[in-house]
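So the chains spell out like this:
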Amino acid sequence: MATLKIENLYVEVEGKQILKDFNLTMNTGEIHALMGPNGTGKSTLAQAIMGHPLYHVTGGKVWLDDQNILELSVDERARLGLFQAVQYPSEIPGITNAEFLKAAINARRDEDDPMAVMDFIAKLDEKMKLLDMPEEMAERYLNEGFSGGEKKRNEILQLLMIEPQFAILDEIDSGLDIDALQVVAHGINSMRGKDFGALIITHYQRLLNYIEPDYVHIVMDGRIVKNGGPELALHVENEGYQQIIESLQLHHQLEE
Ligand SMILES: Nc1ncnc2c1ncn2[C@@H]1O[C@H](COP(=O)(O)OP(=O)(O)O)[C@@H](O)[C@H]1O
Ligand SMILES: [Mg+2]
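Worth saying up front: this structure is predicted, and the values here are computed from it rather than measured. (Residues numbered from 1 in each chain as written. Chains lettered and ligands numbered in written order. Predicted model: local features only at pLDDT ≥ 70, side-chain atom pairs only at ≥ 80, totals over all residues. Heavy atoms only, no water.)

Topic: the coordination of the magnesium ion (ligand 2)
Reasoning step 1: For the magnesium ion (ligand 2), the full set of protein donor atoms is Ser43 (OG) and Gln87 (OE1), and the range of their distances to it is 2.1 to 2.3 Å. Residue Ser43 is found in helix 1 (residues 42-50), and its partner Gln87 is found in the loop between strand 6 (82-85) and strand 7 (92-96); the two are separated by 44 residues along the sequence.
Reasoning step 2: Under the relative-accessibility criterion, Ser43 is labelled partly exposed at 22%. (Donors = N, O, S within 2.8 Å, 3.2 Å for Na, K, Ca; no water. Helix = DSSP H or I, 4+ residues; strand = E, 2+ residues; numbered from the N terminus. Buried < 20%, exposed > 50% of the residue type's maximum accessible area, 1.4 Å probe, protein only.)

As for the sheet that holds strand 4 (residues 55-64)
Reasoning step 1: Strand order in the open sheet formed by four strands is 2-1-4-5, and the pairing between neighbours is antiparallel. Each end of this open sheet is capped by a strand with a single partner; those strands are strand 2 (16-27) and strand 5 (67-68).
Reasoning step 2: In terms of strand pairing, strand 1 (residues 3-13) meets strand 2 through eight bridges, oriented antiparallel. The partner of Val13 across the bridge, within strand 2, is Lys16.
Reasoning step 3: Sitting on the sheet, helix 1 touches strand 1, strand 2 and strand 4, and the angle it makes with strand 1 is about 110°. (Pairing = 2+ DSSP bridges. Contact = heavy atoms within 4.5 Å. Axes fitted to C-alpha atoms, helices over the stretch in contact; angles between N-to-C directions.)

Quick notes on the side chain of Asp173
Reasoning step 1: Structurally, Asp173 can be placed in the loop between strand 9 (166-170) and helix 6 (178-191).
Reasoning step 2: For Asp173, which is buried and forms no salt bridge, the nearest opposite charge comes from Arg206, at a distance of 5.5 Å.
Reasoning step 3: A distance of 2.7 Å separates polar atoms of two side chains, one belonging to Asp173 and the other to Thr202.
Reasoning step 4: Excluding residues within four positions of it along the chain, Asp173 makes contact with Leu181, Ile201, Thr202, Tyr204, Arg206 and Leu207. (Lys, Arg positive; Asp, Glu negative; His and termini not counted. Salt bridge = Lys/Arg side-chain N within 4 Å of Asp/Glu carboxyl O. Polar contact = N/O pair within 3.5 Å; in protein donor to acceptor, adjacent residues only side chain to side chain.)

Points about helix 6
Reasoning step 1: Taking 1.5 Å of rise per residue, the 14 residues of helix 6 would be expected to cover 20 Å, and the 20 Å separating its terminal C-alpha atoms lies within 8% of that figure.
Reasoning step 2: If you follow the buried residues of helix 6, they end up packed against helix 4 (117-130), helix 5 (148-162), strand 9 and strand 10 (197-202).
Reasoning step 3: With a side-chain oxygen lying 3.2 Å from the backbone nitrogen of Asp179, the N-terminal cap of helix 6 falls on Asp177. (Expected span 1.5 Å × (residues − 1).)

Some remarks on the sheet that holds strand 9
Hydrogen bonding along the main chain pairs the strands of a sheet, whether they run parallel or antiparallel.
Reasoning step 1: If you trace the six strands from one edge of the open sheet to the other, you get 6-9-10-3-11-12, paired in mixed fashion. Whereas interior strands pair on both sides, the edge strands pair on one side only; in this sheet they are strand 6 and strand 12 (223-228). Geometrically, the sheet is characterised by an average inter-axis angle of 20° between neighbouring strands, direction not taken into account.
Reasoning step 2: The sheet contact formed by strand 3 (residues 31-35) and strand 10 spans five bridges and is parallel. Counterpart to Ile31 in the pairing with strand 10 is Ala198.
Reasoning step 3: Lying on the sheet, helix 5 is in contact with strand 6 and strand 9; it crosses strand 6 at an angle near 170°.

A short note on the pairing of strand 1
Reasoning step 1: Connecting the antiparallel pair strand 1 and strand 2 is a turn made up of two residues, with Glu14 showing a positive phi of about 50°.
Reasoning step 2: Looking at chain direction, strand 1 and strand 4 are connected through eight bridges and run antiparallel. Bridge assignment links Ile6 to a residue of strand 4, and that residue is Val62.

Describing the packing of helix 4 against helix 5
Reasoning step 1: At a minimum axis distance of 10 Å, the contact between helix 4 and helix 5 shows a crossing angle of 135°. Our classification of the angle between helix 4 and helix 5 gives oblique. Between helix 4 and helix 5 lies a crossing whose hand is right-handed. In this structure, helix 4 uses Phe120, Lys123, Leu124, Lys127, Met128 and Leu130 to contact helix 5, whose residues at the interface are Leu157, Leu160 and Met161. (Parallel < 35°, antiparallel > 145°, perpendicular 65-115°, else oblique. Left-handed = near helix turned anticlockwise from the far one by under 90°.)

In structure tokens form, the structure reads like this:
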């Protein structure tokens, strides 16, 4: 079992403090959902963990087992088994999807041990079928001209091909119709197992109807304010974030 532990993390973006004393621990074998209103720092967390240069860590640590990954380059973090599906995937003209995937897989393997071509093709074929993707998408340029839903599906294709230890999936459900949502959920569920952990970042509860999380965390104003199980996501769906804010404030007042 591996553990990803975010400890007292502070992150600044463009001179603004976004994450404040953020704490979260997850193990392989677990699916965590991170929910919260827009602009509360969910994507900031994902970017900081993966090492995006715009997101400055001003305090705290992120441990993958006994290694503080904040000391590592982006590539080293990926090689250790971290994967990020970004909220807004970029288009890369000139590189086909298949070329990109092959490079991404081999970048995570020893230099003298690239994946055999036949194995790659067989795996790609299997995973694209699982995600209901037409074959020709392998030869299209990465995300170029892909619809919002196709980009999201493609992020999940990367996940299934790379098979990381931990995945951070940022708003993987945004812009998906119900069919695409089910396909994406099917893909993520196919990864479930003792060697895989995921942090699913979402604004809405909808995706969690198809991927039942083990733990749900509500983030507001740069930190987790409430932890629970799947029932917490349903509570958010029924009551809205505003109600949670109010009940937390009430709590606070009662304590004082
Ligand atoms: N690249 C960026 N440049 C400037 N401000 C940013 C950037 N990324 C995030 N922020 C700011 O950080 C705050 C949190 O944003 P974000 O982490 O994207 O929230 P969420 O994903 O929860 O909607 C917002 O105020 C947002 O404007
Ligand atoms: Mg976001």
